[in-house]
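# Overview (structure and organization)
Next come the chains, spelled out residue by residue.
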Amino acid sequence: TNRGMDGYVVNQIAWTAFVTDCKLADKDSPYCKMQDLDKVFILQNVEEQDAEAKQQNEINPNRALLRFEFFQILVRVAIEKFLRPGLMADVSEATEKLILDCIVPNIPPGAQCDTDVFRNSWVYTKPCDDTLRRYLKSLKAMYAFFSAAKDEVGKRNEVLSADEWIKLCNAAKLIDETFTKREAHLCFAWSQMFVTDEIRRREKMLHARFPDFLEALCRVTLFKRMPTDNEIEDYGCQTAAEFFDRLVKEGQLKTWNQSNKVDWQEEQEEGREIEDVLDKLLGVMVHRLDLDKSGVVDKRDWHIMQGHN
């Protein structure tokens, strides 16, 4: 179909970048040059026309790969790279070689993230749960407001899309030079539960439920540095929110951010205690979104926000 890209597909630009990063193309190969792999991409996008494929075709964009198509195209590349030149004779072995020798060594850490590591080590703990519960009223209000946009057919959704998550991050002024939209999207995607059927359960695949939203907030702590209690005190402030307000007022926020970058892998493995960082992060968000200064985020703040917009 001509359905637009929803962020959970691999378009041709992304495919070319993937081929380049993983060094899949071989200019000396008779079958696996870059132009050959471009043709494989086009071939993989040819849609079947039988009745059973109708629903799939309605979801499937013409010039991009769904997840199952991405798996299929890797097999096609393995055939072009290893079988057709006569280097190997078994498709499964060729595919395994492609993955282990070409792909795994060349993809970035974010593409190899085991989302259960952070989930089990940090999120599914009592300190994290206690911290989230302290802000639960405000968090429910944030989720309800930003997930309330209408979809393409005018139906009001009750789940959070990636675009709505980014709008929340922008509204809370989380996006900056150390936590860009890319990192925000990673937090969102890593927090979603795995969906097996990407055709019939497409909407679930594209949205985050409330528990996913809470986990995404926890994952933000992997990327965003929060001031220590000593830094807050030394700056003459009481809270992290006040600390950041002071930096903004003095024009020092960008400098502080740049000199206090954190590595998400190090944070995940042996980082700060999540209850401290998460408490400060959520406190900052509530401070910035609590427009009527009632101490919590609620519907009155959304009325004020909509009035400003």
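Heads up: the structure comes first, above all this text.
Below is a short write-up of the structure. (Residues numbered from 1 in each chain as written. Predicted model: local features only at pLDDT ≥ 70, side-chain atom pairs only at ≥ 80, totals over all residues. Heavy atoms only, no water.)

## Observations concerning the overall build of the protein chain
The line we're drawing: Only DSSP runs of H or I with at least four residues qualify as helices, and only runs of E with at least two residues qualify as strands; both kinds are numbered from the N terminus onward. Using a 1.4 Å probe on the protein chains alone, a residue whose accessible area is under 20% of its type maximum counts as buried, one over 50% counts as exposed, and one in between counts as partly exposed. In short, Shrake-Rupley with a 1.4 Å probe defines the accessible areas, and a residue's cover is counted only from the protein chains shown.
Scanning the protein chain from N- to C-terminus turns up 18 helices and four strands. Across the 309 residues that make up the protein chain, the buried fraction comes to 43%. Here the protein chain has roughly 17,100 Å² of accessible surface; of this, 51% comes from carbon and sulfur atoms.

## Overview of the pattern of salt bridges
When charged atoms on two side chains of opposite charge get close, those side chains can pair. Let me state the cut-off plainly: The salt bridge criterion pairs a side-chain nitrogen of Lys or Arg with a carboxyl oxygen of Asp or Glu, the two atoms within 4 Å.
Scanning the model with the defined rule gives 16 salt bridges in all. As a salt-bridge pair, lysine 280 and aspartate 229 come within 3.0 Å of each other at their nearest N and O atoms. Pair noted here: lysine 280 is in helix H17 (residues 274–289) and aspartate 229 is in helix H13 (residues 229–234), with a separation of 51 residues, a long-range link. Looking at lysine 280, the relative accessible area reads 9%, which means it is buried. Notably, a salt bridge pairs arginine 300 with aspartate 298, separated by 2.8 Å at the nearest N-O pair. On the basis of relative accessible area, aspartate 298 is assigned to the buried category, the value being 12%. If you follow the salt bridges from partner to partner, you end up with Asp116, Arg119, Glu215 and Arg219 in one network.

## Observations concerning the packing of aromatic side chains
Definition in use: Each Phe, Tyr or Trp ring (for Trp, its six-membered ring) is paired with any other whose centre lies within 6.5 Å, and the angle between the two planes then decides the class: stacked below 30 degrees, edge-to-face above 60, tilted in between.
The full count for this structure, using the stated rule, is 17 aromatic pairs. Ring geometry for phenylalanine 145 versus phenylalanine 146: centroids 5.0 Å apart, planes at 85°, classification edge-to-face. Ring plane angle 85° and centroid distance 5.5 Å describe the contact between phenylalanine 244 and tryptophan 256, whose orientation is recorded as edge-to-face. Taken as a pair, phenylalanine 244 in helix H14 (residues 240–249) and tryptophan 256 in helix H15 (residues 253–259) lie far apart in primary sequence, 12 residues in all. Across this residue pair, the class does not change: phenylalanine 244 and tryptophan 256 are buried. Through a chain of ring-to-ring contacts, the aromatic side chains of Trp15, Phe18, Phe41 and Phe70 assemble into a single cluster.

## A look at the nonpolar core
To keep things clear, this is the line we draw: Throughout this description, the term nonpolar core refers to a set of buried Ala, Val, Leu, Ile, Met, Phe, Trp, Tyr and Cys residues connected via side-chain atoms within 4.5 Å. Residue contacts are counted whenever heavy atoms from the two residues lie within 4.5 Å of one another.
Ranked by internal contacts, the top residues of the largest apolar core, which has 59 residues, are Leu139, Met142, Trp165, Phe213 and Met285. The greatest single-element share of this core, amounting to nine residues, is contributed by H17. Once you skip the residues sitting within four places of it in the chain, methionine 285 turns out to touch Met142, Leu168, Ala172, Leu174 and Leu217. Core analysis: the second largest hydrophobic core is formed by 22 residues, Leu37, Leu65, Phe82 and Ile103 among them.

## Looking at the layout of surface pockets
What counts is decided by this rule: Grid points spaced at 1 Å and placed over the protein atoms alone form the basis of the search, with a cavity being a set where a 1.4 Å probe fits but cannot get out and a pocket an open set showing protein on both sides within 12 Å along at least five of seven lines. Lining residues have an atom within 4 Å of a point. Grid points are joined across faces, edges and corners, and a volume is the space filled by probe spheres set on the points. Lys, Arg, Asp and Glu make up the charged group, whereas Ala, Val, Leu, Ile, Met, Phe, Trp, Tyr, Cys and Pro make up the nonpolar group; the residues left over, Gly among them, are polar.
Approximately 330 Å³ is the volume attributed to the second largest pocket. Taken together, the elements giving at least two residues each to the lining of the second largest pocket come down to H14, H15 and H17. Considering every element that reaches the lining of the second largest pocket, the biggest residue donor is H15, with four residues. By residue class, the composition of the lining of the second largest pocket is nine nonpolar, four polar and nine charged.

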